[in-house]
Amino acid sequence: RSARLLARVRPLATSKFQNTRKRRPPSSSRPSPKSPSRIPQRSRGFRPNPPPDPSSGVALGGVAGMAHTPNPSRRSWVGPPTPFLTPRPERRELRWAEAGSHSSVRRSGVGACSINGSNDRDREANVQVVLRCRPLSVEEQKANVQSAVSCNDTKREVTVLNSLFKQADKTFTFDTVFGPKSQQRAIYDHAVAPIVDDVLEGYNCTVFAFGQTGTGKTYTMEGEMMQQVGELPTSAGVMPRAVRHIFDILEAQKADYSMKVTFLELYNEEITDLLASEDQSRFLEDRHKRPTLSLMEDGKGGSVIRGLEEIVVYSPGEIYSLLQHGSTRRRTADTALNMQSSRSHSVFSIYIHVKVTTTGNRELIKCGRLNLVDLAGSESIARSGAKEVRAREAGELNKSLLTLGRVITALVEDSVHVPYRDSKLTRLLRESLGGKAKTCIIATVTPSVHCLEETLVTLDYAYRAKSIRNKPEVNQKVCKSVMLKDLYKKMEKMKQGFLQFSSYSYSSHYHIGSH
Ligand SMILES: Nc1ncnc2c1ncn2[C@@H]1O[C@H](COP(=O)(O)OP(=O)(O)OP(=O)(O)O)[C@@H](O)[C@H]1O
């Protein structure tokens, strides 16, 4: 019986090692040669979600709930899972394989999930919407372009000066407003840092930038990318700052943790892997020939991306180079509105597992995920001067952004049907909009009077998105070692019970027989 029980536990651990690729840390971040943790590991890390078998109906949802099925064409590893270690030797006991239960709190009923209280309403949290208005560019200033947007950071208000056109001004209030003079650091500290703290508590969180082309989405999300580990440049965006923040906290807590990342691009409704391994490099020159990945339903309203590579990382430096690598692979083009316009949406995800010991010495693993999404900009094809390929791209981009707008409207109006399925973008963002993730939207606008119409559209959608309510849930798993300990205890008890029973029946038999 015990053998049967253990046999049931083991496949859970091994099945997690199918699709994660581990890259060797760069020499600067590698542990010292004497450190046992440097023993070459063939670990592929840990899959935070159960294998996405549609028939099993495992509930995963959208970007924050994405899981990745093994791609049979990729190299797969055989043999028992080896531990995935954090770099410091004293943390060696954390093994990805330790997580025995894969379910989130709601599915497994393990642990407690309380944010503000116990009932559903208390657990709800509004999507946070912050507004950023970029400064006029040097060219715009030279051309004396008038500013038609005024920001009041203290009152959290942004006003569109329609009075320039003899109409009433329009004012919108957001959770935070960042005017043209605001710095990258302020945006990160006020809008994103709290969300990153939540990721380390085991929440799935999403930050996405949304707005017209050329308004500063990529600048806000990426900014100046880090070339190497060192001081963050003042123009570093949300992504490098979040990476630094995560490692700073984990190091300060001396936590046992494991981490992996994925980076995907959604272009013309096709998903490609921006971190695809070198064997795909022949496709790099011709971006149109890059293999596309399929987005599948998991049977419970979530999505699954087949074959997306998960890369195990050990240091901020490694993530910076992956970010750099991935973003240079992204499709960009010179348009009339932006010299380097992103022609695709991108999703960079960091999966973090942190081991925590609760009162009563119970070991749990908190599994948080941070999705950093840089959407392509909506654009007026007439004004951007897009033709042929660019016009088609713009059409596809506008289509997916339109669906995003319809999803926001449906959620705000509490419609029975939310059209998530109408575009891949909304399928990916499903969990972040109305699902169990915590979400922050950074809406970006330009102050240029020439873009007033588009600015009003962005403000209108962003304002509506403030009313979307999510139901955030902590994901935590019981360590496998704890589960095994519990099993052994139960077995021991059963053995004792059995021994007591047999000695009792033997003695009563003997007793009866002796008469
Ligand atoms: N807050 C800001 N401060 C200084 N420069 C900025 C700011 N926001 C954007 N820019 C500059 O404006 C230009 C356009 O920004 P960016 O490429 O980030 O726009 P985008 O919204 O991502 O556009 P697209 O949707 O076309 O990709 C860039 O040159 C960027 O450096």
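Residues numbered from 1 in each chain as written. Predicted model: local features only at pLDDT ≥ 70, side-chain atom pairs only at ≥ 80, totals over all residues. Heavy atoms only, no water.

The protein is annotated in an unreviewed UniProt entry as Kinesin-like protein of Aegilops tauschii subsp. strangulata. Under the heading Function (unreviewed entry), UniProt records this for the protein: "Responsible for microtubule translocation. May be important for the organization of phragmoplast-specific arrays of microtubules. Plays an essential role in stabilizing the mitotic spindle. Required during mitotic cytokinesis." Reading the Subcellular location (unreviewed entry) entry of the UniProt record for the protein gives the comment "Cytoplasm, Cytoskeleton, Spindle". (UniProt positions renumbered as here; feature names shortened; annotations may be inferred.)

Asker: Provide a residue-level description of the overall build of the protein, including the pertinent values.
Answerer: Assigned secondary structure in the protein consists of 13 helices and 21 strands. Of all 515 residues assigned to the protein, the portion counted as buried reaches 54%. (Helix = DSSP H or I, 4+ residues; strand = E, 2+ residues; numbered from the N terminus. Buried < 20%, exposed > 50% of the residue type's maximum accessible area, 1.4 Å probe, protein only.)

Asker: Give a detailed account of the UniProt feature "binding site: ATP" (unreviewed entry) in the protein, specifying residues and quantitative values.
Answerer: Per the UniProt record, the feature "binding site: ATP" (unreviewed entry) sits at Gly 211, Gln 212, Thr 213, Gly 214, Thr 215, Gly 216, Lys 217 and Thr 218. Turning to its location among the elements, Gly 214 is positioned in the loop between β9 (204-211) and α6 (217-221). Take Gly 214: its relative accessible area is 18%, and that puts it in the buried class.

Asker: I'd like a description of the sheet that holds strand β5 (residues 149-152), backed by residues and values.
Answerer: Read from one edge of the open sheet, 3 strands run β5-β6-β7, paired in antiparallel fashion. The open sheet has two edge strands with one neighbour each: β5 and β7 (170-173). Neighbouring strand axes in the sheet, compared pairwise and without regard to direction, differ in orientation by 20° on average. As judged from the 4 bridges shared by β5 and strand β6 (residues 157-160), these two strands associate in the antiparallel manner. Within β6, the residue paired with Asn 152 across the bridge is Glu 157. Its contacts with the sheet put helix α12 (residues 452-465) on β5, β6 and β7, and the angle it makes with β7 is roughly 35°. (Pairing = 2+ DSSP bridges. Axes fitted to C-alpha atoms, helices over the stretch in contact; angles between N-to-C directions. Contact = heavy atoms within 4.5 Å.)

Asker: Summarise helix α8 (residues 316-329); cite the residues concerned and give the values.
Answerer: The first and last C-alpha atoms of α8 sit 20 Å apart over 14 residues, in line with the 20 Å expected at 1.5 Å per residue. Counting buried positions along α8 gives 10 out of 14 residues, so the element sits mostly inside the fold. All buried positions along α8 are accounted for by Pro 316, Gly 317, Glu 318, Ile 319, Tyr 320, Leu 322, Leu 323, Gly 326, Ser 327 and Arg 329. Where the residues of α8 are buried, they touch α7 (238-253), β10 (256-267), β11 (270-273), β14 (310-313) and β17 (345-358). (Expected span 1.5 Å × (residues − 1).)

Asker: Describe the nonpolar core, listing the residues and the values that go with them.
Answerer: Formed by 47 residues in total, the largest nonpolar core has its most connected members in Met 259 and Leu 370. A total of 9 residues in this core trace back to one element, the largest contributor, which is helix α5 (residues 184-200). If you look at the next biggest cluster of nonpolar residues, it comprises 44 residues, including Val 347, Leu 401, Leu 428 and Leu 459. (Core = buried A, V, L, I, M, F, W, Y, C linked by side-chain atoms within 4.5 Å.)

Asker: Explain the pairing of β10 to me, and be specific about the residues and the numbers.
Answerer: The side chains of a regular strand alternate, first on one face of the sheet and then on the other. In terms of burial, β10 is largely enclosed, as 12 of its 12 residues are buried. Looking at chain direction, β10 and β17 are connected through 11 bridges and run antiparallel. Across the sheet, the residue bridging to Ser 258 is His 353, located in β17. Sheet topology note: the β10/β14 ladder contains 3 bridges and is antiparallel. Within β14, the residue paired with Lys 260 across the bridge is Val 312. The loop that links β10 with its antiparallel partner β11 comprises 2 residues; one of these, Asn 268, has a positive phi angle of about 45°.

Asker: Lay out the packing of α5 against α7 with the relevant residues and their values.
Answerer: To characterise two packed helices, one gives the angle between the axes of the helices and the distance between these axes. It is at 10 Å that the axes of α5 and α7 come closest, and there the two elements cross at 50°. By the angle between their axes, α5 is oblique relative to α7. Handedness of the crossing formed by α5 with α7: right-handed. Note on element contacts: α7 touches α5 through Val 238, Arg 241, Ala 242, His 245, Ile 246, Ile 249 and Leu 250, opposite Gln 184, Arg 185, Tyr 188, Val 192, Ala 193, Val 196, Asp 197 and Leu 200. The class makeup of the residues in the contact of α5 with α7 is 10 nonpolar, 2 polar and 3 charged. (Parallel < 35°, antiparallel > 145°, perpendicular 65-115°, else oblique. Left-handed = near helix turned anticlockwise from the far one by under 90°. Nonpolar A, V, L, I, M, F, W, Y, C, P; charged D, E, K, R; others polar.)

Asker: So, the state of the cysteines: which residues are in play, and what are the values?
Answerer: Simply put, disulfide is the name for a covalent bond between the sulfur atoms of two cysteines. Summed over the entire model, instances satisfying the criterion amount to 0 disulfides. Of all cysteine sulfurs, the one in Cys 440 lies closest to Cys 205, which takes part in no disulfide; the gap is 9.9 Å. (Disulfide = S-S within 2.5 Å.)

Asker: I'd love a proper account of unusual backbone geometry, names of residues and values included.
Answerer: The phi torsion of most residues other than glycine is negative, and most of the peptide bonds are trans. Backbone geometry at Asn 144 places phi at a positive 55°, although glycine is not the residue there. Relative to the elements of secondary structure, Asn 144 occurs in the loop between α4 (138-142) and β5. Positioned with a positive phi, Glu 269 is a non-glycine residue whose angle comes to about 65°. The residue Glu 269 is located in the loop between β10 and β11 in this model.

Asker: Tell me what's going on with the packing of aromatic side chains, and back it up with residues and numbers.
Answerer: Counted under the stated rule, the structure contains 5 aromatic pairs. Relative to Phe 174, the ring of Phe 172 has its centre 6.4 Å away and its plane inclined at 20°; by these criteria the two rings are stacked. Phe 172 gets classed as buried once you look at its relative accessible area, which sits at 8%. With centroids separated by 6.1 Å and ring planes inclined at 65°, the aromatic side chains of Phe 172 and Tyr 463 adopt a geometry described as edge-to-face. Taken together, the positions of Phe 172 in strand β7 and Tyr 463 in helix α12 put the pair 291 residues apart, joining distant regions of the chain. On the basis of relative accessibility, which here comes to 40%, the residue Tyr 463 falls in the partly exposed class. Through pairs of rings, three or more aromatic residues link up here, namely Phe 172, Phe 174 and Tyr 463. (Phe/Tyr/Trp six-rings, centres within 6.5 Å; stacked < 30°, edge-to-face > 60°.)

Asker: So what's going on with α12? Residues and values would help.
Answerer: Between its first and last C-alpha atoms α12 spans 20 Å; for 14 residues at 1.5 Å apiece the expected length is 20 Å, and the two agree. Taken together, the buried positions of α12 are occupied by Leu 452, Glu 454, Thr 455, Thr 458, Leu 459, Ala 462 and Ala 465. Projected down its long axis, α12 carries its buried residues within an arc of 160°, all on one side. (Arc of directions from axis to C-beta.)

Asker: Requested: an account of the pairing of β9, with residues and values cited.
Answerer: Of all the 8 residues making up β9, 8 are buried; the element is thus mostly covered by neighbouring parts of the structure. Where burial is concerned, the two faces of β9 agree: the one with Asn 204, Thr 206, Phe 208 and Phe 210 and the one with Cys 205, Val 207, Ala 209 and Gly 211 are both buried. Pairing geometry for β9 and strand β18 (residues 362-374), over 6 bridges, is parallel. By the bridge assignment for β18, Thr 206 is matched with Asn 371.

Asker: Outline the packing of α7 against α8, listing residues and values.
Answerer: Running from N to C, α7 and α8 point in directions that differ by 160°, and their axes come no closer than 10 Å. Looking at the two axes, α7 sits roughly antiparallel to α8. Here α7 runs over α8; the crossing is right-handed. Taking contact as the criterion, the partners of Met 239, Pro 240, Val 243, Arg 244 and Phe 247 in α7 are, on α8, Pro 316, Ile 319, Tyr 320 and Leu 323. Of the residues that constitute the contact of α7 with α8, the class distribution is 8 nonpolar, no polar and 1 charged.

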